Amino acid sequence: MNLSHAVTVTDLRLLARRRLPRAVFDFIDGAADDECTLLANAADFDAIRLKQRVLAGVAATTLESRILGSTAAAPLLIGPTGLANLTCPDADLILAREAAAAGIPFVLSTSSGSTLEEVAATGGGRRWFQLYVFRDRTITERLIARAQAAAYEALVLTVDVPVVGKRRRDVRNGFTTPLSLTPASILDFAWHPRWCLDIWRHGVPAMRNFAEALAGTGATSHAALMNSQLDPGLDWQIVGWLRDRWKGPLLIKGILSVEDALEAVAQGADGIVVSNHGGRQLDGVPSSIRALEQI
């Protein structure tokens, strides 16, 4: 279980598979339907070959890049990951601190296990906030106001989840949030005592940015609230609505076509994120790297 033994991301995945209950690992590792898009993401990326040039004078090199108008130590950022605290306590806080130490931006998910204020309190670094627009616009407006008050640099509007994807691994495992106890899940958890001890010490992970909203609705859980609030009726007018409420850079995440990229620019977005949500929401769409090539 020693992380120093992990040489690659594949090694980290194997360590996670040993440490986490199957239902939790599959929630993180899995994707929608037949997972064809998930497989294409990896296969198409692996198929890319770099054009090598020699005698180019590379004694002094740097990975520094400009991201949203400011310098980052590398052309990387940590993308939004919902319920990261399922892996270990305070995962969102750890990611924020490590991103700051590495000199790259960190994007906090709307459905994070730590509140956006708790993440902001970790100190320096570039923090962006990923946002879903809900049917109840007051929930969204409160999240925007909180992100503004906590000095988040940018707002990242995710637009590719009109409905929640059908992740078959979750269905087969009976995975729910919050975690439910069944004979199968109890056995699954029992085989992973270290993970269970963390949960016992720190509590069951939940989407804590919604604590206030949950209290005022009939939803039985944070996940139920979020699923019931996703708005399939959203259209491009929502960009202007957000512009009236958010004072800062606005990015649109979930773009896969040239047409939508052009429309995002026309609507005044400061940037786009070419993404298929890791294949977790809609299967059968192009890999992100192939879409990026066209855009």
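Below you will find a few notes about this structure. What you see is a predicted model; the values in this text were computed from it and never measured.

About the criteria used
Residues numbered from 1 in each chain as written. Predicted model: local features only at pLDDT ≥ 70, side-chain atom pairs only at ≥ 80, totals over all residues. Heavy atoms only, no water. Helix = DSSP H or I, 4+ residues; strand = E, 2+ residues; numbered from the N terminus. Rg over C-alpha atoms; globule rule 2.2 N^0.38 Å. Buried < 20%, exposed > 50% of the residue type's maximum accessible area, 1.4 Å probe, protein only. Contact = heavy atoms within 4.5 Å. Areas by Shrake-Rupley, 256 points an atom, 1.4 Å probe, with all protein chains shown as cover. Lys, Arg positive; Asp, Glu negative; His and termini not counted. Charge placed at Lys NZ, Arg CZ, Asp CG, Glu CD. Phe/Tyr/Trp six-rings, centres within 6.5 Å; stacked < 30°, edge-to-face > 60°. Lys NZ or Arg CZ within 6 Å of the ring centre and 35° of its normal.

A tally of regular secondary structure across the protein chain gives 14 helices and seven strands. Its C-alpha radius of gyration of 20 Å places the protein chain within 12% of the 19 Å reference for a compact globule of 295 residues. Of all 295 residues assigned to the protein chain, the portion counted as buried reaches 40%. At a minimum sequence separation of 6, the contacts of the protein chain that also span at least 24 residues come to 68%. Counting every atom, the protein chain has about 16200 Å² of accessible surface; 58% of that belongs to carbon and sulfur. The averaged location of the 31 negative side-chain charges in the protein chain is 4 Å from the averaged location of its 30 positive side-chain charges.

Our next topic: the packing of aromatic side chains. What characterises a pair of aromatic rings is the spacing of the ring centres plus the angle enclosed by the ring planes. Counted by the stated rule, this structure contains four aromatic pairs. Taking the centre distance of 6.0 Å and the plane angle of 70 degrees together, the rings of phenylalanine 129 and tyrosine 152 count as edge-to-face. Residue phenylalanine 129 is located in strand 4 (residues 127-131), and its partner tyrosine 152 is located in the loop between helix 6 (137-149) and strand 5 (154-158); the two are separated by 23 residues in the primary sequence. When its relative accessible area of 4% is taken as the criterion, tyrosine 152 is described as buried. With a centroid separation of 5.6 Å and 70 degrees between ring planes, the pair formed by phenylalanine 134 and phenylalanine 210 is classed as edge-to-face. Placement of phenylalanine 134 in the loop between strand 4 and helix 6 and of phenylalanine 210 in the loop between helix 9 (193-202) and helix 10 (211-215) is noted, with a sequence separation of 76 residues between them. Among the residues examined, phenylalanine 134 registers a relative accessible area of 1% and is labelled buried. Taking the relative accessible area as the measure of exposure, phenylalanine 210 reaches 1% and is therefore buried. The positively charged end of arginine 137 is found above the aromatic ring belonging to tryptophan 241, 5.9 Å away from the centroid. Between the NZ or CZ atom of arginine 280 and the centre of the ring of phenylalanine 27, over which it lies, the distance is 5.0 Å.

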